[in-house]
Number of protein chains: 2
Amino acid sequence: MRPATKSPTARSAAKPRRRAARVAAPKPYHHGDLRRVLIDAALQLVGEGGPDAVSVREAARRAGVSPGAPFRHFPNRDALMQAVAEEAQRRFRQEIEAALAEAPAGDPLARFRSLGLAYLRWAMRNPTHFEIISSRRFFDHDKAAEVSRDNAELIELTERTLADAFAAGQLRSADVKQVQIAGRALVYGFARMNIDGHFPRWGVGAAEAERTAEAILDLFIEGIAGP
Amino acid sequence: MRPATKSPTARSAAKPRRRAARVAAPKPYHHGDLRRVLIDAALQLVGEGGPDAVSVREAARRAGVSPGAPFRHFPNRDALMQAVAEEAQRRFRQEIEAALAEAPAGDPLARFRSLGLAYLRWAMRNPTHFEIISSRRFFDHDKAAEVSRDNAELIELTERTLADAFAAGQLRSADVKQVQIAGRALVYGFARMNIDGHFPRWGVGAAEAERTAEAILDLFIEGIAGP
DNA sequence: TTGTGAATGTAAGCGCCGATTACACGGATT
DNA sequence: AATCCGTGTAATCGGCGCTTACATTCACAA
């Protein structure tokens, strides 16, 4: 949207590689894996300036191809954003599962805490990437099967953990579904407040943010824990 | 391609003209109150398609004015969005205060509940307008003094109410600040989950949404309430 | 009443964007 | 070796935010 930085795009003269075929091929007509490179460029753009900062043209520029080239791989900008979201979601899920693998197996509520903490930590450390997977503004979840499935599984995992906690007598309320929604709202709300600039105080040194995140998560868990 | 002057925009505020005898002045060179009309048009656009759907040109089109005209009143698009956000914030705050005026004066925790409920209800019923005041994406809170002040006052009001609740022995935790942040995260999270499409089931009939909102608010309040 | 400057509109145009179309190249299949 | 088709380029379109030059009208003072 914003006037992007001009880039001279220093394109060396495209030469048919008849000679010097081995050393630094100047510019092959066919890009190696343009799709992958475009996603990476877009991911980088998201990281730099948020989802709005992604433009197909800029991604193409960074990939060193013409502005029309990306449309061979993505029918439109939204499709590119979707692919970016899928990549981000994959990383997010990986982090969550890694944290859960280290959590104590016998204590469901502690597992729930680990889950929430991993969620919050990733969201604090990757705010722009979290943003892109969190909202339907930037892509259609219905059409992004992978993101949708990942998300649904994560939600189900949360609910199962809470159900286990209730079965173990660790929850006060029997309405696991509502506890789950409240928990999601809490962590999602905190993550988005961070993204949306509701915590102006902690700028870059996100240590305090993570500490506060942990504190409110514990507050919530104390609130739902049985007597 | 200018569409041959739209309808004369039926100006409500009658302005004394030299020759009143002339009926239906075709198109006055000076618009009555273009600034106001642009804000209304933008508000309508926000309501129709969210903040991204607002374009200065479209607002100008709806106001029946040339594409450059708005820039006499707003230096750029963000400034228009800022004015829109201020209007939305004004309405939001009005709703909150009206609800609080009806809440029982002697029961701080009940007042906190009323506050949260009014917040959630307005957010459910005006999702796009809530969206625009909630995120810094669409305008800079630092430069929107009114929104910022309103918001700060609302936060302070929340914290005061919780402090009263603690003083009355209604809270379990002494850390009012953290309870306040957690509460904000909860309602904000729920509101944004609604906006961001995390509740696909309730589409338009928002009755269930409001019921769920109330339920999780009560769950939270039970959690923070003293024994 | 009339002259004049400020306020506020129009017209035209810049560069960037997403997207489409016609065409060029070259790797893979035969 | 001929050919097909996946994948790139080039050119172009309309929409956008925004700026500049110019036109019109209002408000106020002489």
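Conventions and cut-offs
- Residues numbered from 1 in each chain as written.
- Chains lettered and ligands numbered in written order.
- Predicted model: local features only at pLDDT ≥ 70, side-chain atom pairs only at ≥ 80, totals over all residues.
- Heavy atoms only, no water.
- Helix = DSSP H or I, 4+ residues; strand = E, 2+ residues; numbered from the N terminus.
- Contact = heavy atoms within 4.5 Å.
- Areas by Shrake-Rupley, 256 points an atom, 1.4 Å probe, with all protein chains shown as cover.
- Buried < 20%, exposed > 50% of the residue type's maximum accessible area, 1.4 Å probe, protein only.
- Least-squares fit on C-alpha atoms with pLDDT ≥ 70 in both.
- pLDDT = per-residue confidence, 0-100.
- Core = buried A, V, L, I, M, F, W, Y, C linked by side-chain atoms within 4.5 Å.
- Buried area = accessible area lost by both parts, 1.4 Å probe.
- Salt bridge = Lys/Arg side-chain N within 4 Å of Asp/Glu carboxyl O.
- Polar contact = N/O pair within 3.5 Å; in protein donor to acceptor, adjacent residues only side chain to side chain.
- Nonpolar A, V, L, I, M, F, W, Y, C, P; charged D, E, K, R; others polar.
- Axes fitted to C-alpha atoms, helices over the stretch in contact; angles between N-to-C directions.
- Parallel < 35°, antiparallel > 145°, perpendicular 65-115°, else oblique.
- Left-handed = near helix turned anticlockwise from the far one by under 90°.
- Phe/Tyr/Trp six-rings, centres within 6.5 Å; stacked < 30°, edge-to-face > 60°.
- Expected span 1.5 Å × (residues − 1).

1. Concerning the overall build of chain A
Alright, step 1. Secondary structure assignment for chain A yields eight helices and zero strands.
Alright, step 2. Secondary structure elements in chain A, listed N-terminal to C-terminal, are α-α-α-α-α-α-α-α.
Alright, step 3. By sequence separation, contacts in chain A at least 24 residues apart represent 67% of the contacts at least 6 residues apart.
Alright, step 4. Counting every atom, chain A has about 12100 Å² of accessible surface; 52% of that belongs to carbon and sulfur.

2. Describing the environment of Arg160(B)
Residue and element names in this part refer to chain B.
Alright, step 1. Following the sequence through the fold, Arg-160 ends up in helix α6 (residues 145-167).
Alright, step 2. Given the relative accessible area of 45%, Arg-160 is considered partly exposed.
Alright, step 3. C-alpha of Arg-160 to C-alpha of Val-176: the two residues are 16 residues apart in sequence and 9.0 Å apart in space.

3. Remarks on the relation of the copies chain B and chain A
Alright, step 1. For these two chains of identical sequence, chain B goes onto chain A by a turn of 180 degrees and a shift of 0.1 Å along the axis, with RMSD 0.1 Å. The relationship between the two copies is best expressed as a two-fold rotation axis.
Alright, step 2. Interface overlap between copies is the fraction of interface residues in one copy that are interface residues in the other; for chain B against chain A it reaches 94%, indicating a shared surface.

4. Description of the confidence of the model for chain A
Alright, step 1. Predicted confidence across chain A gives a mean pLDDT of 86, with 85% of residues reaching 70 or more.
Alright, step 2. Within the model, pLDDT remains below 50 along residues 1-26 of chain A, and this stretch shows 11 contacts once partners closer than five positions in the same chain are excluded.

5. Overview of the nonpolar core
Alright, step 1. If you look at the biggest cluster of nonpolar residues, it comprises 139 residues, and the most contacted ones within it are Ile132(A), Phe190(A), Ile132(B) and Phe190(B).
Alright, step 2. Beyond its immediate chain neighbours, meaning those up to four positions away, Ile132(B) contacts Val46(B), Pro51(B), Met81(B), Val84(B), Ala85(B), Ala88(B), Phe138(B) and Phe139(B).

6. Considerations on the interface of chain B and chain A
Alright, step 1. Every contact between the two is made by 34 residues of chain B and, on the other side, 33 residues of chain A.
Alright, step 2. Of the roughly 3100 Å² buried where chain B meets chain A, counting both sides, 58% is carbon and sulfur surface.
Alright, step 3. For chain B, the biggest contributors to the area lost against chain A are Arg137(B), Asp196(B) and Leu219(B); these three give 19% of the whole.
Alright, step 4. Our enumeration of links across chain B and chain A arrives at four salt bridges.
Alright, step 5. Across the pair Asp196(A) and Arg192(B) runs a salt bridge whose closest N-O atoms are separated by 3.6 Å.
Alright, step 6. For the pair chain B and chain A, the number of links is eight residue pairs in polar contact (both at pLDDT 80 or more).
Alright, step 7. When contributions to the side of chain B that touches chain A are tallied by element, the ones reaching two or more residues are α5 (127-134), α7 (176-195) and α8 (207-224) of chain B.
Alright, step 8. By residue class, the composition of the side of chain B that touches chain A is 15 nonpolar, nine polar and 10 charged.

7. Quick word on the pattern of salt bridges
Alright, step 1. Under the criterion given, the structure shown has 39 salt bridges over all chains.
Alright, step 2. Ionic pairing is found between Glu131(B) and Arg192(B), a salt bridge with its closest N-O pair at 3.9 Å. Within this pair, whereas Glu131(B) is found in helix α5, its partner Arg192(B) is found in helix α7, the two being separated by 61 residues in sequence. With respect to class, Glu131(B) is no different from Arg192(B); both count as buried.
Alright, step 3. Overlapping salt bridges bring together Glu131(A), Arg192(A), Asp196(A), Glu131(B), Arg192(B) and Asp196(B) as one network.

8. Observations concerning the packing of α6(B) against α7(B)
Between two packed helices, what matters for the description is the angle formed by their axes and the separation of those axes.
Residues and elements named next belong to chain B.
Alright, step 1. Between α6 and α7, the shortest axis-to-axis distance is 9 Å and the interhelical angle comes to 125 degrees. Here α6 lies oblique to α7, going by the angle between them. The two elements α6 and α7 cross, and the hand of that crossing is right-handed. When α6 is examined against α7, the residues Ile-155, Thr-158, Glu-159, Leu-162, Ala-163 and Phe-166 are found in contact with a partner set consisting of Val-176, Lys-177, Val-179, Gln-180 and Arg-184.
Alright, step 2. Looking at the contact of α6 with α7 residue by residue, the classes come out as six nonpolar, two polar and three charged.

9. What about the packing of aromatic side chains?
Alright, step 1. Within this structure, the stated rule accounts for 12 aromatic pairs over all chains.
Alright, step 2. Here Phe190(A) and Phe199(A) contribute two aromatic rings whose centre-to-centre distance is 5.1 Å and whose plane-to-plane angle is 40 degrees, an arrangement assigned as tilted. Side by side, Phe190(A) and Phe199(A) carry an identical accessibility label, which is buried.
Alright, step 3. Judged by centre distance (5.4 Å) and plane angle (80 degrees), the ring pair of Phe92(B) and Tyr119(B) falls under edge-to-face. With Phe92(B) in helix α3 (residues 77-101) and Tyr119(B) in helix α4 (residues 108-125), this residue pair connects regions lying 27 residues apart in the sequence.

10. Things to note about the side chain of Ser135(A)
Alright, step 1. Here Ser135(A) lies in the loop between α5 (127-134) and α6 (145-167).
Alright, step 2. Of the residues examined, Ser135(A) reaches a relative accessible area of 2% and is grouped as buried.
Alright, step 3. Side-chain polar atoms of Ser135(A) contact the side chain of Asp196(B), separated by 3.5 Å.

11. Some details on the packing of helix α4 (residues 108-125) of chain A against α5(A)
Residues and elements named next belong to chain A.
Alright, step 1. The geometry of α4 relative to α5 is characterised by a closest axis approach of 5 Å and an angle of 110 degrees between their N-to-C directions. The orientation of α4 relative to α5 falls into the category roughly perpendicular. Side by side, α4 and α5 meet where Tyr-119, Trp-122, Ala-123, Met-124 and Arg-125 of the first sit next to Pro-127, His-129, Phe-130 and Ile-133 of the second.
Alright, step 2. Residue classes in the contact of α4 with α5 are distributed as seven nonpolar, one polar and one charged.

12. Points about helix α3 (residues 77-101) of chain A
Alright, step 1. Over its 25 residues, α3(A) runs 36 Å from end to end, which matches the ideal 36 Å to within 8%, given 1.5 Å per residue.
Alright, step 2. Near the N-terminus of α3(A), the side chain that reaches the backbone nitrogen of Asp78(A), with its oxygen 3.2 Å away, is that of Asn76(A).

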